[in-house]
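Summary of the model geometry
Here are the chains, one letter per residue:
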Amino acid sequence: MTSKYLSKNARISTLKMVHKAKASHVASALSIIDILAVLYSEVMNIDPDEPFLVDRDRFILSKGHACAGVYAVLAELGFIQKESLTTYGEDFSILMNHISHKVPGVEFSTGSLGHGLPFGVGKALAATRLQKSWLTFVLLSDGELQEGSNWEALMFAAHHKLDNLVVIVDNNNLQSLTTVEETVNIQSLKEKVLAFGWEVRDVDGHNHEQVKANLSQIPWQTDKPSLLIANTIKGKGVSFMENRVEWHYRSPTDEQLKLALWELEQKDA
Amino acid sequence: MRNAFIDELVVLARSNPQIALIVGDLGWSVVEPFADEFPDRFLNAGVAEQNMTSMAAGMASEGYHVFTYSIANFPTFRCAEQIRNDVDYHKLPVTVVAVGGGVAYGNLGYSHHAVQDYALMRSLPNMLIASPGDPMEVRACLRYLVSNPQPSYLRLGKAGEPQYHNEVPVISPGEWVILDKGQSSNTFLTTGATLQLAMEAKQKLRDYCDHGVASLPLWGMRYKSMISEMVGGFERVHILEDHFQDGGFGSWVVEGLMSQPELVQRISANHLSRDVYDIVAKSDTLWKRGLSNL
């Protein structure tokens, strides 16, 4: 399955799930779907038939509220049944509205920001000490970098030369109430993380070729962890959701869903 | 207690390659035997308890049984959500170790007094609290935890606590360890370092000389239902704890007896009084003042 095909289908599933569940965070999920599609189809060593394959690469979604995108990708790849997506957020479903480790293929539950990277550091450190060759990928939001625990982990990972650890920042410049810039500015992120001793690159987070080219050659520098700033558009793929802060919370109406799906269908896979 | 902790952990780590120790830049002249013998399984996380705890969970998810070690509130309250979400919710084998339980750090002040830690830990559904009463119980707790890896909290005193057991007792969650049967159907029930206080009260105070002494080193939310059977064997159970009453050990006991009011009547208790937070004093002074009316 190509990453483009995967991302198109995952966007469609995400919209349907969020609409049916009347849930929030649709724009947060649309923001990361291209990154997820590239990771899951082109980069990571994973096997849907063996979600806990010993040598699999580990992926942690630290911005757990964007879980609909991950569930949609996992369903496309066969980790979970596509039909199960309709239970998203329903009573007794495993598909909780923040990412849940009870779902096959999910390593770690999050929902409170600032937990994924320190946890990933523990995994990467374990791999180093146990001489394992798998990689740990952690996807953070940009607003999440306001949490201090991330900076503890950034410092520690560089100090311990964890070059098997990759952080991807979903840099869409929107958080809960307004832009990141207006809330508590995290820029200049690249210079900050470089100063912490990481190797840092930035790409268009919706350009599959660019994302793949960078994530397929880890480490970028021996003895240094890698951080990819993925410049993204929150709500990507649905014109009336793109770059609109209200879609952090809003759930599409029937009409809006129809329009959004129509827009997505017009795009090439 | 902390010396018994490191001695026992070193012994257990020799036959268990999954044991790892992470310190939060504390443990001078305590943790070196482990660090020297197992450099690949020792880490100093620096002064960063949130990262230390989540990282421990990450390592535990890859097969390690990780012990995080620091003083009083630093490995607990400072990173309470990391313990709640990353360790307890995921049922990962991380043992949070705090030295300086209660007011053991005395005149270092309120920042160093662990007097609300039970309240935090016993509110977590998968957490096993290990609160040993003497160095032998420290070893017993460690042996239990290493044989049964799970989210856990080991509360230690400092150093130099008297030893009451002649050998390492075999212990199990929710089960009282009887140190002295006494000459009546009244007993002290302690958890942690207040075992010493019960032993001393029995010697020094006439009102309590006939009391038995029991210690409960392993407890937590899952074991509340075992209390009534234990309490039912006594006419009076007097609890001693170096913790505030609110959310403490005595409160846990009484909650376990809620459906049997006749058993609640048998409970009396001494807790740390509220005002210890605002006093500068050595630990002995704080302990006596805090546990007054005994």
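The model shown is predicted, which means the values in this text are computed figures rather than measured ones.

Further remarks concern the interface of chain A and chain B. Listed per partner, the contact involves 18 residues of chain A and 21 residues of chain B. Looking at the side of chain A that touches chain B element by element, the count peaks at nine residues for helix α4 (residues 116-129) of chain A. By residue class, the composition of the side of chain A that touches chain B is eight nonpolar, seven polar and three charged.

This part covers the packing of helix α1 (residues 3-21) of chain A against helix α9 (residues 254-266) of chain A. Residues and elements named next belong to chain A. Between α1 and α9, the shortest axis-to-axis distance is 10 Å and the interhelical angle comes to 175°. Classed by the angle they form, the pair α1 and α9 counts as roughly antiparallel. Contact residues: α1 offers K8, R11, I12, L15 and H19, while α9 offers L257, A260, L261 and L264. Its residues placed into classes, the contact of α1 with α9 shows six nonpolar, one polar and two charged.

Right, let's get into the nonpolar core. Membership of the largest hydrophobic core comes to 175 residues, with the highest contact counts inside it found for L36, Y71 and V121 of chain A. A domain split of this core shows at least three residues from each of domain 1 (2-155) and domain 2 (177-290) of chain B. Those residues in contact with Y71 of chain A that lie beyond four places of it in its chain are L85, Y88, L95 and V103 of chain A.

With that out of the way, let us pick up the confidence of the model for chain B. Per-residue pLDDT for chain B averages 95, and the proportion of residues at 70 or more is 99%. Across the interfaces of the predicted complex, the ipTM metric reaches 0.97, alongside a pTM of 0.97.

Let us look at helix α4 (residues 80-88) of chain B. What α4 of chain B keeps buried is the set Q82, I83, N85, D86, V87 and D88 of chain B. In the core, the buried residues of α4 of chain B are packed alongside α4 of chain A together with α3 (49-60) and β4 (94-99) of chain B.

A separate point is the environment of L264 of chain A. All names here are of chain A. Its location among the elements puts L264 in helix α9. Accessibility expressed as a C-beta count within 10 Å gives 17 for L264, which makes it partly exposed. Through-space distance from the C-alpha of L264 to that of V238 is 7.0 Å; in sequence the pair is 26 residues apart. Among residues more than four places away in sequence, those in contact with L264 are K8, R11, I12 and G237.

The next subject is the sheet that holds strand β5 (residues 226-231) of chain A. Residue and element names in this part refer to chain A. Read from one edge to the other, the open sheet built from five strands follows the order β1-β2-β3-β5-β4, with strand pairing classed as parallel. Here the strands that pair on one side only, and so sit at the sheet edges, are β1 (58-61) and β4 (199-204). Taking each pair of neighbouring strands and ignoring which way they run, the sheet shows an average axis angle of 20°. Across the sheet, α4 is in contact with β1, β2 (136-141) and β3 (165-171); its angle to β2 comes to roughly 170°. Sheet strands in contact with helix α8 (residues 208-215) are β3, β4 and β5, and its direction is about 160° off that of β4.

Moving on: the pairing of strand β9 (residues 212-215) of chain B. Side-chain positions along a regular strand alternate between the two faces of the sheet. Residues and elements named next belong to chain B. Neither face of β9 is left uncovered, since the one carrying G212 and A214 and the one carrying V213 and S215 both have all their residues buried. As paired strands, strand β7 (residues 177-180) and β9 are joined by three bridges and run antiparallel to one another. Residue pairing for β9: V177 is matched across the bridge by S215. Pairing between strand β8 (residues 186-190) and β9: four bridges, direction parallel. Residue L189 lies in a different strand from β9, and its bridge partner there is A214.

With that settled, the discussion passes to unusual backbone geometry. Residues and elements named next belong to chain A. Going from Q187 to S188, the amide bond is cis rather than trans, its omega being 5°. Position of S188 relative to the elements: it lies in the loop between α6 (180-184) and α7 (189-195). Here the bond from I218 into P219 is cis, since omega is 0°, no more than 30 degrees from zero. Mapped onto the secondary structure, P219 falls in the loop between α8 and β5. You will see that D223, though not glycine, has its phi angle at about 75°, which is positive. Along the chain, D223 turns up in the loop between α8 and β5. The class of D223 is exposed, set by 12 C-beta atoms lying within 10 Å.

Residues and elements named next belong to chain B. Where helix α1 (residues 2-15) meets helix α6 (residues 135-147), the closest approach of the two axes is 9 Å, and the angle between their N-to-C directions is 35°. The two elements α1 and α6 meet at a crossing, and its hand is right-handed. Together, A4, F5, E8, L9 and L12 of α1 and P135, V138, R139, L142 and V146 of α6 make up the contact between the two elements.

Now for the sheet that holds strand β11 (residues 236-244) of chain B. All names here are of chain B. Reading across from one edge, β7-β9-β8-β11-β12 is the order of the five strands in this open sheet, with mixed pairing throughout. Each edge of the sheet is formed by a strand with only one pairing partner; in this case those strands are β7 and β12 (267-272). Across the sheet, the mean angle from the axis of one strand to that of its neighbour is 25°, orientation sign disregarded. Across the sheet, helix α9 (residues 249-256) is in contact with β11 and β12; its angle to β11 comes to roughly 135°.

Residues and elements named next belong to chain B. Taken domain by domain, chain B consists of domain 1 (2-155) and domain 2 (177-290). Put simply, the middle of domain 1 and the middle of domain 2, counted by C-alpha atoms, are 24 Å apart. Across the contact, 28 residues belong to domain 1 and 29 residues belong to domain 2. Mapped onto the side of domain 1 that touches domain 2, the elements with two or more residues apiece are α5 (117-121), β5 (128-130) and α6. Here the side of domain 1 that touches domain 2 gets four residues from one element, more than from any other, and that element is α6. Partitioned by chemical class, the residues of the side of domain 1 that touches domain 2 number 16 nonpolar, eight polar and four charged.

Reading the values: the criteria
Residues numbered from 1 in each chain as written. Chains lettered and ligands numbered in written order. Predicted model: local features only at pLDDT ≥ 70, side-chain atom pairs only at ≥ 80, totals over all residues. Contact = placed C-beta atoms within 7 Å. Helix = DSSP H or I, 4+ residues; strand = E, 2+ residues; numbered from the N terminus. Nonpolar A, V, L, I, M, F, W, Y, C, P; charged D, E, K, R; others polar. Axes fitted to C-alpha atoms, helices over the stretch in contact; angles between N-to-C directions. Parallel < 35°, antiparallel > 145°, perpendicular 65-115°, else oblique. Core = buried A, V, L, I, M, F, W, Y, C linked by C-beta atoms within 7 Å. Buried ≥ 20, exposed ≤ 12 C-beta atoms within 10 Å, placed from the backbone. Domains from an automatic or database assignment. pLDDT = per-residue confidence, 0-100. Pairing = 2+ DSSP bridges. Left-handed = near helix turned anticlockwise from the far one by under 90°.

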